Structures are given as C-alpha cells and as structure tokens.
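A closer look at the structure
Below are the chains, spelled out letter by letter.
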Amino acid sequence: MMQSNESEERIRALLYRNLEEVFGEGDDARRRAAIDELWAQDGVLYVPPGVIVGREAINKFAGDLRATHPHYVYTPQGKAQVLHDAGRLAWGSGPRGETPDYTGWDVITVRDGQIAALYVFLDETSEEFQRSAGTP
C-alpha cells in the first residue's frame, strides 16, 4: 500500500490560503507571490470555462476573475477534508457579511508541498454556474 508524502496540515493550509491569497486577493503583486509559493510551476487549474496551465496563466485568470467581483470575499463553508495527496474545501462567495451569491468546491492534488491541480466545481444552483454553463 502506498502512502502520501504530503501532510494533512499542508494540504489544508494550501486549500485555505489559495482561496484567500490567490482568488480573494485584489493586489496583483501579493497574489502572484502567493501563487509562486502555493502552486507548482506546471500547476493546472480546471474551471468551467476551460483548463489553465502554469503560474502566469493562473495569475491572469485569478486577477481577471477578481476584477469582475472586487468587493466579494471567499468564505470557507465547513472544514477542509484531506485524503492521501488530495483535499477539498466547500466555499461561498459574495459581499462580506451577506449570504453568498455563489458556492462551490475546490478539490486539489498536491505534489512536493504545492498545488499540482485544482478542480473548481460550482454548485449547479448558483447563478455563476448558470452563466458558465450557458443556462438561461
């Protein structure tokens, strides 16, 4: 039986920090520094619009997304869960202190202490999912 080399604490930290310091960060320099620390050089981001590869492309996507909702915050919904070299975290996004406008899950795989892949699942009931799926 194989064992993961990744610690549960590190995987949880990556989930929470990525949510806040990458997707929740409005400052380009701070976001890029967080990506360089948290993400593998060849990291892959799977989002409803497509697949994004590499730190530079991930930074551009996160910045562009942030610009569409500059006053939104990402809030964890419950605790992160870890299984071997992967983890998942439910979250909500909306104006601070209000009910989230959309919700979803982040699922990551970790390699050498960094995010190798992030799969972003938007809850189908959210308006953001409806927009990304082209549903009226």
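An unreviewed UniProt entry lists the chain under the name SnoaL-like protein, with Nitrospirillum amazonense as the source organism.

Here the focus is the packing of aromatic side chains. Across all of its chains, the model carries four aromatic pairs by this definition. When the centroid spacing of 6.5 Å and the interplanar angle of 40 degrees are considered together, the rings of Y72 and Y102 count as tilted. Within this pair, whereas Y72 is found in strand 3 (residues 72-76), its partner Y102 is found in strand 6 (residues 102-111), the two being separated by 30 residues in sequence. Of the two residues examined, Y72 and Y102, each falls in the buried class. Measuring from centroid to centroid gives 5.8 Å for W91 and Y102, while their planes differ by 85 degrees, and the two rings are edge-to-face. Here W91, found in strand 5 (residues 86-95), pairs with Y102, found in strand 6; they are 11 residues apart in sequence, far enough to count as distant. Judged by relative accessible area, Y102 falls into the buried class, the value being 4%.

Counted by the stated rule, this structure contains nine salt bridges. As a salt-bridge pair, R12 and E8 come within 3.3 Å of each other at their nearest N and O atoms. In this pair, R12 and E8 both sit in helix 1 (residues 8-23), four residues apart, roughly one turn of the helix. The residue R111 makes a salt bridge to D42 at a minimum N-O spacing of 2.5 Å. Placement of the pair is R111 in strand 6 and D42 in strand 1 (residues 39-47), with a sequence separation of 69 residues. Three or more residues are tied together by salt bridges with common partners; here these are R17, E21 and E37.

About the cut-offs
As a convention, each chain's residues are numbered from 1 in the sequence order in which they are written. Under the rules for a predicted model, residues below a pLDDT of 70 receive no local features and side-chain atom pairs below 80 are neither given nor counted, while totals for whole chains, interfaces and linings still include all residues. Excluding hydrogens and water, the side-chain figures rest on all heavy atoms present in the structure. Only Phe, Tyr and Trp rings are paired, with Trp represented by its six-membered ring, and only when their centres lie within 6.5 Å; those with planes under 30 degrees apart are stacked, over 60 edge-to-face, the remainder tilted. Segments assigned H or I by DSSP are reported as helices when at least four residues long, segments assigned E as strands when at least two residues long, and all are numbered from the N terminus. Only protein chains enter the accessibility calculation, which uses a 1.4 Å probe; a residue whose area is less than 20% of its type maximum is buried, one above 50% is exposed, and one in between is partly exposed. The salt bridge criterion pairs a side-chain nitrogen of Lys or Arg with a carboxyl oxygen of Asp or Glu, the two atoms within 4 Å.

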